[in-house]
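Here are the chains, one letter per residue:
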2 protein chains.
Amino acid sequence: MTLLPSIQLSLRPGIVEFGWGHPDSALLPVEDIARAAAHTLAQDGRLALAYGAEQGPGNLITPICTRLGHIDGTAPPAEQIFITGGVSQALDLLCTTLTRPGDIALVEAPTYHLALRILRDHKLHLIPIPADQDGLRIDLLEQQLAGLRSQGQTARLLYTVPTFSNPTGISMTVERRHALVELAQRVGLTVIEDDVYRELWYDATPPPSLFSLAPLGPIIRLGSFAKILAPGLRLGWLLAAPEIVQRCVKSGLLDSGGGVNHFTAQIVGTFLELNLLDKHVATLRVAYKQRRDALLSALRRYLPTDCTWRTPQGSFFVWIRLPANRDSAALLPQAEAAGVSYLPGALFHASGGGKRYLRLSFALLPAAEMEEGARRLGAFFQTLS
Amino acid sequence: MTLLPSIQLSLRPGIVEFGWGHPDSALLPVEDIARAAAHTLAQDGRLALAYGAEQGPGNLITPICTRLGHIDGTAPPAEQIFITGGVSQALDLLCTTLTRPGDIALVEAPTYHLALRILRDHKLHLIPIPADQDGLRIDLLEQQLAGLRSQGQTARLLYTVPTFSNPTGISMTVERRHALVELAQRVGLTVIEDDVYRELWYDATPPPSLFSLAPLGPIIRLGSFAKILAPGLRLGWLLAAPEIVQRCVKSGLLDSGGGVNHFTAQIVGTFLELNLLDKHVATLRVAYKQRRDALLSALRRYLPTDCTWRTPQGSFFVWIRLPANRDSAALLPQAEAAGVSYLPGALFHASGGGKRYLRLSFALLPAAEMEEGARRLGAFFQTLS
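Residues numbered from 1 in each chain as written. Chains lettered and ligands numbered in written order. Predicted model: local features only at pLDDT ≥ 70, side-chain atom pairs only at ≥ 80, totals over all residues. Heavy atoms only, no water.

Asks: Before we move on, could you go through the overall build of chain A and cite the residues and values that matter?
Replies: Helix and strand content of chain A: 14 helices and 13 strands. Compactness check: chain A gives a C-alpha radius of gyration of 21 Å against a globular reference of 21 Å for 385 residues, within 12% of the reference. A burial count over chain A gives 62% of its 385 residues as buried. Across chain A, every contact between residues at least 6 apart in sequence was considered, and the portion connecting residues at least 24 apart equals 75%. Surface accessibility of chain A: about 13700 Å² in total, with carbon and sulfur atoms responsible for 53%. Across chain A, the mean location of the 35 positive side-chain charges is 4 Å away from that of the 34 negative side-chain charges. (Helix = DSSP H or I, 4+ residues; strand = E, 2+ residues; numbered from the N terminus. Rg over C-alpha atoms; globule rule 2.2 N^0.38 Å. Buried < 20%, exposed > 50% of the residue type's maximum accessible area, 1.4 Å probe, protein only. Contact = heavy atoms within 4.5 Å. Areas by Shrake-Rupley, 256 points an atom, 1.4 Å probe, with all protein chains shown as cover. Lys, Arg positive; Asp, Glu negative; His and termini not counted. Charge placed at Lys NZ, Arg CZ, Asp CG, Glu CD.)

Written out as structure tokens, the structure is:
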């Protein structure tokens, strides 16, 4: 019998793997989660093992609302939150609940490549809206919406990562956030705000979320414990107008199975009640900032001057622009033969573009390995000149 | 702030609640799960907290295959299993992966009412196929398929609970199982076999699963830890031809989030490795058989002779037939006013029928409370004569 893997990550010997957006497993708070699990099962373990409340358990919802109050300045009311199995599960459920095949989904270009896959699995028609150094181009979004309207069409939703974008690390400016919210409210556009990196800021706290500018709609904000606690938990939350929360709560999936991932939700509820999360997130900020700085320093040292990038102010990624004639996807096999890997920029575009870009992650690898990876990447690019 | 509930179950004072198909929380193996959780996190906890392998972790897949080998006589190969978030999540994922809105789904009549909700959320067109005391009527299924074919239509799938059906407790005979598999193979009909009650037999082991009669297709068999371990875990498995498993593994949802419910999957893998499940299932069989017998005895004592039922050989439910002119849904408010509740039979039918039936569950309540409930139900029915 083949030995089956336990985890998704697989590393190839001899290659510095900048492609994976996974956290270093050394940063996972194993002991504190063990403590929360033991506590949960010792207190009244039956509550963690029965079918969970559809909205999510109160003892997770309540501390999340409190915590968001500290982060945002205002705590959302409990009826605006729904516990999810992470951003991917939330997006999947929203597609099932709100869309039909052939519906138009607007997506940032570039954007989180695996969100595109989930939207495509629901047979949505994806239309990219360009982003620049200030985030999504609201003027182009407005043009696209007007163009659709003139053809009698309408967009069912917009998916965006406005804060520390994956892959670019850029945050949408406050001005554009207000403009997007105003536009979305005016035309009734559902905006799915993937807000998974908000707490992983390294220099300054990010601008307010779109949701907090318009908490009664039409923004749906997705949060997750994947990046701030542990991805294997498959746990997150959704903030939205009460009627969207109710559509999730009353879906067949929830009616049949009860709350999504209830057992884990109870354990994470305890983790929050024991006040273990804030200190862990503070540790992560320090660790990831060091890794970001180590990677940027190595890139400055080794990459040719015709490669450019911005300093990401949060999240896990450096988005590198190559000279105009380069194609990062075409170059990948040679780069891997030279002992370094990355994700090609074209992956992050719904329909073309991004060829001269590539994404490096600094979440997984220790500084010394990233330095070696940057050296190999630089040496490989030098051979192309 | 409102105190939010933690669990899905809510009991109304003064009412004997036969409606909920939930297990008694006293039967949940809290201490053994605490032991498995502690063991998992102490051994190599990082494996439980990283993104999980898309197919599910090897240390859960391997013991499930071994265990199914003991139950079925033959262990399925690992490439035919996929770890799910329970039957509901599996059904939801299969709908996303295999169907489009408007596709035809054939469903047993009566069948599990909440599966109907999930199929409807995916906008499938449901067509009922009647079942009798021997299970699904294969002759009527064949007629329906022929009728569809003559109109140029085809059924995308059949959903069935062939073993200890919810709501009837009936199992499909071996002859019909062979006939169904032969028909499904002949016409290429995907059959989703909800096999969640197989291990909860009280008199004799049930007939072989449809899947084990045709392991290479077109049967998809859904199993779950919800009934044999704990529903709040939200964990199960799917057995299917390797190409179906691969469609699940390669879906956007799995690519993005890694394995479904990975943390819990690792803990349940440990639970199986510690060999804690078989003794727990044996305990459940004894406990539920006692409850079944207690309910049946009370029903015989208190219900009018014009109410009839069969002895369920497994699962949680007694399916009661009332006299022909009765409507269990219309009577429910009066029954609840008399202090007893149930689920009306019409719920379990996709499009009409079942009015004179009702479902009682014996999983949740202790014998004394069920006796009182049967007494109230009997007294209420006497008032109608």
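Structure shown, so let's carry the discussion forward.
Asks: I'd love a proper account of the pattern of salt bridges, names of residues and values included.
Replies: Residue and element names in this part refer to chain A. Evaluated as defined, the whole model comprises 44 salt bridges over all chains. Notably, a salt bridge pairs Arg 376 with Glu 372, separated by 2.7 Å at the nearest N-O pair. Of this pair, Arg 376 and Glu 372 both sit in helix α14 (residues 367-384), 4 residues apart, which is roughly one turn of the helix. One connected set of salt bridges, linked through shared partners, spans Asp 72, Asp 195, Arg 198 and Arg 221. (Salt bridge = Lys/Arg side-chain N within 4 Å of Asp/Glu carboxyl O.)

Asks: Residue-level account of the side chain of Arg176(A), with values.
Replies: Residue and element names in this part refer to chain A. Of note, Arg 176 is situated in helix α7 (residues 174-187). Judged by relative accessible area, which is 17%, Arg 176 ranks as buried. Once residues lying within four places of it in the same chain are set aside, the contact partners of Arg 176 are Asp 132, Asp 134, Gly 135, Leu 136, Arg 137 and Ile 138.

Asks: Please give an account of the sheet that holds strand β9 (residues 236-239) of chain A that cites residues and values.
Replies: Residue and element names in this part refer to chain A. The 8 strands are arranged β2-β9-β8-β7-β6-β3-β4-β5 in an open sheet whose pairing can be described as mixed. A strand with exactly one partner marks an edge of an open sheet, and here the two such strands are β2 (81-84) and β5 (135-136). Pairing analysis gives 4 bridges linking strand β8 (residues 219-224) to β9, with the strands arranged antiparallel. In the sheet register, Ser 224 faces β9, and the bridge partner there is Gly 236. Packing of helix α3 (residues 58-72) onto the sheet brings it into contact with β2, β8 and β9, and relative to β2 it is tilted by some 115°. (Pairing = 2+ DSSP bridges. Axes fitted to C-alpha atoms, helices over the stretch in contact; angles between N-to-C directions.)

Asks: Explain the side chain of Ser224(B) to me, and be specific about the residues and the numbers.
Replies: All names here are of chain B. Considering the arrangement of structural elements, one finds Ser 224 in strand β8 (residues 219-224). A polar atom in the side chain of Ser 224 sits 2.8 Å from the backbone nitrogen of Ala 226. Contact partners of Ser 224, with chain neighbours within four places excluded, come to Gly 86, Val 87, Val 196, Leu 235, Gly 236 and Trp 237. (Polar contact = N/O pair within 3.5 Å; in protein donor to acceptor, adjacent residues only side chain to side chain.)

Asks: Hey, could you go over the nonpolar core for me, with residue numbers and the actual values?
Replies: Counting residues in hydrophobic clusters, the biggest one holds 257 residues, and the most contacted among them are Phe225(A) and Phe225(B). Ignoring anything within four residues of it in the chain, the contact list for Phe225(B) reads Leu60(B), Ile64(B), Ala230(B), Leu235(B), Gly236(B), Trp237(B), Val268(B), Leu272(B) and Leu277(B). (Core = buried A, V, L, I, M, F, W, Y, C linked by side-chain atoms within 4.5 Å.)

Asks: Can you explain the interface of chain A and chain B? Please cite residues and give values.
Replies: A common measure of how large an interface is: the accessible area buried when the components associate. Taken together, the 71 residues of chain A in the interface contact 71 residues of chain B. Regarding the contact of chain A and chain B, the summed buried area is about 6000 Å², with carbon and sulfur atoms giving 62% of it. Looking only at chain A, the three residues that lose the most surface to chain B are Gln8(A), Leu49(A) and Tyr51(A), adding up to 14% of its buried area. Where Arg117(A) meets Asp255(B), a salt bridge forms, and the shortest distance between an N and an O atom there is 2.9 Å. Across the contact surface, chain A and chain B share 37 residue pairs in polar contact (both at pLDDT 80 or more). When contributions to the side of chain A that touches chain B are tallied by element, the ones reaching two or more residues are α1 (30-44), α2 (46-49), α3, α4 (87-98), α5 (113-121), α10 (252-257) and α11 (262-273) of chain A. Among the elements that line the side of chain A that touches chain B, the one with the most residues is α10(A), at 6 residues. Taken together, the residues of the side of chain A that touches chain B sort by class into 33 nonpolar, 27 polar and 11 charged. (Buried area = accessible area lost by both parts, 1.4 Å probe. Nonpolar A, V, L, I, M, F, W, Y, C, P; charged D, E, K, R; others polar.)

Asks: An account of the pairing of strand β3 (residues 104-109) of chain B is needed here, citing residue identities and associated values.
Replies: All names here are of chain B. Of all 6 residues making up β3, 6 are buried, and the element is well covered by its neighbours. Here β3 shows two buried faces, one formed by Ile 104, Leu 106 and Glu 108 and the other by Ala 105, Val 107 and Ala 109. With 6 bridges connecting them, β3 and strand β4 (residues 125-132) associate as parallel partners. If you follow Val 107 over to β4, its bridge partner there is Pro 128. The parallel pair β3 and β4, bridged by helix α5 (residues 113-121), forms a crossover whose chirality is right-handed. When β3 meets strand β6 (residues 155-160), the two strands line up parallel, connected through 4 bridges. By the bridge assignment for β6, Ile 104 is matched with Ala 155. (Right-handed = clockwise from strand over helix to strand, strands pointing away.)

Asks: Provide a residue-level description of the packing of aromatic side chains, including the pertinent values.
Replies: For any pair of aromatic rings, the description consists of the separation of the ring centres together with the inter-plane angle of the planes. Under the definition given, this model contains 18 aromatic pairs over all chains. Taken together, a centroid distance of 4.9 Å and an interplanar angle of 50° make the contact between Tyr288(A) and Phe316(A) tilted. Highlighted residues: Tyr288(A) in helix α12 (residues 277-302) and Phe316(A) in the loop between α12 and β10 (317-321), separated in sequence by 28 residues. With a centroid separation of 5.1 Å and an interplanar angle of 15°, the aromatic rings of Trp319(B) and Tyr357(B) are classed as stacked. Of this pair, Trp319(B) sits in strand β10 (residues 317-321) while Tyr357(B) sits in strand β13 (residues 357-361), and the two are 38 residues apart along the sequence. (Phe/Tyr/Trp six-rings, centres within 6.5 Å; stacked < 30°, edge-to-face > 60°.)

Asks: Now, about helix α9 (residues 242-249) of chain A: what can you tell me, with residues and values included?
Replies: All names here are of chain A. Burial in α9 covers these residues: Ile 244, Val 245, Cys 248 and Val 249. For α9, the arc enclosing every buried residue in end-on projection is 140°, short of the 170-degree limit, so these residues lie on one face. Close packing links the buried residues of α9 with β2, α4, β8, β9 and α10. (Arc of directions from axis to C-beta.)

Asks: Explain the environment of Phe271(B) to me, and be specific about the residues and the numbers.
Replies: Residue and element names in this part refer to chain B. By the element assignment, Phe 271 lies in helix α11 (residues 262-273). Take Phe 271: its relative accessible area is 1%, and that puts it in the buried class. Aside from chain neighbours lying at most four places away, what touches Phe 271 is Pro 29, Asp 32, Ile 33, Ala 36, Leu 229, Leu 276 and Leu 277.

Asks: Any chance you could break down the relation of the copies chain A and chain B for me, citing the residues and the numbers?
Replies: The operation relating chain A to chain B is a screw motion whose rotation component is 180°, with 0.0 Å of axial translation and a residual RMSD of 0.0 Å. Put plainly, the chains are arranged around a two-fold axis. A shared interface surface links the copies, since 100% of the contact residues of chain A are contact residues in chain B too. (Least-squares fit on C-alpha atoms with pLDDT ≥ 70 in both.)

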